[in-house]
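Examining the three-dimensional arrangement
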Amino acid sequence: MGKMEVERKTTGLAARDPSGLLSPYTYTLRETGPEDVHIRIICCGICHTDLHHTKNDLGTSNYPMVPGHEVVGEVVEVGSGVSKFTIGDIVGVGCLVGCCGGCSPCERDLEQYCPKKIWSYNDVYIDGQPTQGGFARATVVHQKFVVKIPEGMAAEQAAPLLCAGVTVYSPLSHFGLKKPALRGGILGLGGVGHMGVKFAKAMGHHVTVISSSNKKREEALQDLGADDYVIGSDQSKMNELADSMDYIIDTVPVHHALEPYLSLLRLDGKLILMGVINNPLQFLSPMVMIGK
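The paragraphs below set out a description of the structure included in this document. Keep in mind that what you see is a predicted model, and the values were worked out from it rather than measured.

Secondary structure summary: the protein contains nine helices and 15 strands in total. Here the protein has a C-alpha radius of gyration of 21 Å; the compact-globule value for 292 residues is 19 Å, and the two agree. Viewed in the frame of its principal axes, the protein has a C-alpha envelope of about 65 × 40 × 40 Å. Residues counted as buried form 45% of the 292 residues belonging to the protein. Considering only contacts in the protein between residues 6 or more positions apart, those separated by 24 or more positions represent 60%. Of the accessible surface of the protein, which amounts to about 14,900 Å², a share of 54% is contributed by carbon and sulfur atoms.

Structure representation (structure tokens):
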């Protein structure tokens, strides 16, 4: 086993109730098993899902809870069965830290759909202990759920790719939307929306950001390189964009109507829902049927 002097106790910032406030919390990490990687955390991104869980918006929160699932750190210890990582490597950990390994999704390397997947925090690991996330000094993770960060990429740049980045890239790939010259819409310019603009532009798409106000116009157009910026309540501009988009990535994390955006899609266009919302969404079915 490769190892340095490793402290088993660590300190994180934990939510202890639905107030949304975090405070220092000290807990003991599990022993590094044969397939485990012990990581000293350098930084961790903040995802809107962290807010949902800390405030118990989804009704599933368990406290004390250390949030964070966009983790980048340095390997300080590896188990005897770990071959992909060595001490000193810079690595990342995303939303998952475990799975059953035997179901159909797991056999297809789609562990995120495993019915027994284990989340990075607010879950229970196979040893019966609660999982804690990346707002901490260290973590121990099975090597299957650790990725190597490429040399030259800063930790703070890599961290958001581990949730927001893959969240956007996955549907673009799955639905065959990586080809150039497509026209796409990004609804909402939070963390996932930022990644949506960057990935879509890198793929050669014409990108329109759809927002609720003008306050992010400069950021969208000048900083991120979007081609157009539209306020969703501007009915005249929305009418101009009707039947013009191959896809819309909807990143809005609160309840909102879908019909205004469905009308922007071309025949066979895709409305991709990415926002975690704690209230049911609804829409008029003919809006979907007539657009296939």
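Strands sit in the order β13-β12-β11-β14-β15 across an open sheet of five strands; the sheet is parallel. The open sheet is flanked by β13 (228-231) and β15 (265-273), the only strands paired with a single partner. For this sheet the average axis-to-axis angle between neighbouring strands, irrespective of direction, equals 20 degrees. Pairing of strand β11 (residues 183-187) with strand β12 (residues 206-211) involves five bridges; the strand directions are parallel. Counterpart to Gly-185 in the pairing with β12 is Thr-208. Lying over the sheet, helix α5 (residues 191-202) contacts β11, β12 and β14 (245-250), oriented at roughly 165 degrees with respect to β12.

Across soluble globular proteins, nonpolar side chains have a tendency to be buried as a group. Ranked by size, the top nonpolar core spans 26 residues in total, and within it Val-37, Phe-85, Val-93 and Val-146 carry the most contacts. Within the residue set of this core, elements represented by two or more residues are β4 (36-44), β5 (71-78), β6 (90-93), β7 (96-98) and β9 (138-142). Top contributing element to this core by residue count: β4, with four residues. With near-sequence residues (within four places) excluded, Phe-85 lies in contact with Val-37, Val-75, Val-78, Val-91, Gln-143, Val-146, Val-147 and Lys-148. Within the second largest apolar cluster, 21 residues are counted, among which are Val-192, Val-207, Ala-226 and Tyr-247.

Omega for the peptide link from Tyr-63 to Pro-64 comes to -5 degrees, which places this bond in the cis form. Considering the arrangement of structural elements, one finds Pro-64 in the loop between α1 (48-54) and β5. Residue Asn-56 is not a glycine yet carries a positive backbone phi of 60 degrees. The topology assignment puts Asn-56 in the loop between α1 and β5. The phi dihedral of Asp-109 falls on the positive side, at around 60 degrees, and the residue is not glycine. Within the secondary structure layout, Asp-109 lies in the loop between α2 (104-107) and β8 (118-119).

Tallied over the entire structure, the rule returns ten salt bridges. For the salt bridge of Arg-30 with Asp-36, the shortest nitrogen-to-oxygen distance reads 3.1 Å. The exposure class of Arg-30 is partly exposed, given its relative accessible area of 22%. Residue Asp-36 is classed as buried on the basis of its relative accessible area of 7%. Salt-bridge contacts for Asp-228 lead to Lys-237; the nearest nitrogen and oxygen are separated by 3.6 Å.

Turning to the packing of aromatic side chains, a few remarks are in order. As enumerated under the stated definition, the model contains two aromatic pairs in all. Ring centres 5.4 Å apart and planes at 25 degrees place the aromatic pair Tyr-25 and Tyr-27 in the stacked group. Measuring from ring centre to ring centre gives 5.7 Å for Tyr-169 and Phe-199, while their planes differ by 50 degrees; the resulting arrangement is tilted. Taken as a pair, Tyr-169 in helix α4 (residues 164-174) and Phe-199 in helix α5 lie far apart in primary sequence, 30 residues in all. Tyr-169 gets classed as partly exposed once you look at its relative accessible area, which sits at 32%. For Phe-199, a relative accessible area of 22% corresponds to the partly exposed category.

A few words on the side chain of Thr-10. Position of Thr-10 relative to the elements: it lies in strand β2 (residues 9-15). Looking at Thr-10, the relative accessible area reads 4%, which means it is buried. Sequence-distant contacts of Thr-10, that is, excluding residues within four places in its chain, are made with Tyr-25, Thr-26, Tyr-27, Leu-29, Arg-137 and Ala-138.

Turning next to the pairing of β4. Of all nine residues in β4, seven are buried, a share of seventy percent or more. Note: β4 against β9, five bridges, orientation antiparallel. Bridge assignment links Ile-39 to a residue of β9, and that residue is Thr-139. Relative to β5, β4 runs antiparallel, the two being bridged by seven bridges. Across the sheet, His-38 pairs through a bridge with Glu-77, a residue of β5.

Rules of the game
Residues numbered from 1 in each chain as written. Predicted model: local features only at pLDDT ≥ 70, side-chain atom pairs only at ≥ 80, totals over all residues. Heavy atoms only, no water. Helix = DSSP H or I, 4+ residues; strand = E, 2+ residues; numbered from the N terminus. Rg over C-alpha atoms; globule rule 2.2 N^0.38 Å. Buried < 20%, exposed > 50% of the residue type's maximum accessible area, 1.4 Å probe, protein only. Contact = heavy atoms within 4.5 Å. Areas by Shrake-Rupley, 256 points an atom, 1.4 Å probe, with all protein chains shown as cover. Pairing = 2+ DSSP bridges. Axes fitted to C-alpha atoms, helices over the stretch in contact; angles between N-to-C directions. Core = buried A, V, L, I, M, F, W, Y, C linked by side-chain atoms within 4.5 Å. Salt bridge = Lys/Arg side-chain N within 4 Å of Asp/Glu carboxyl O. Phe/Tyr/Trp six-rings, centres within 6.5 Å; stacked < 30°, edge-to-face > 60°.

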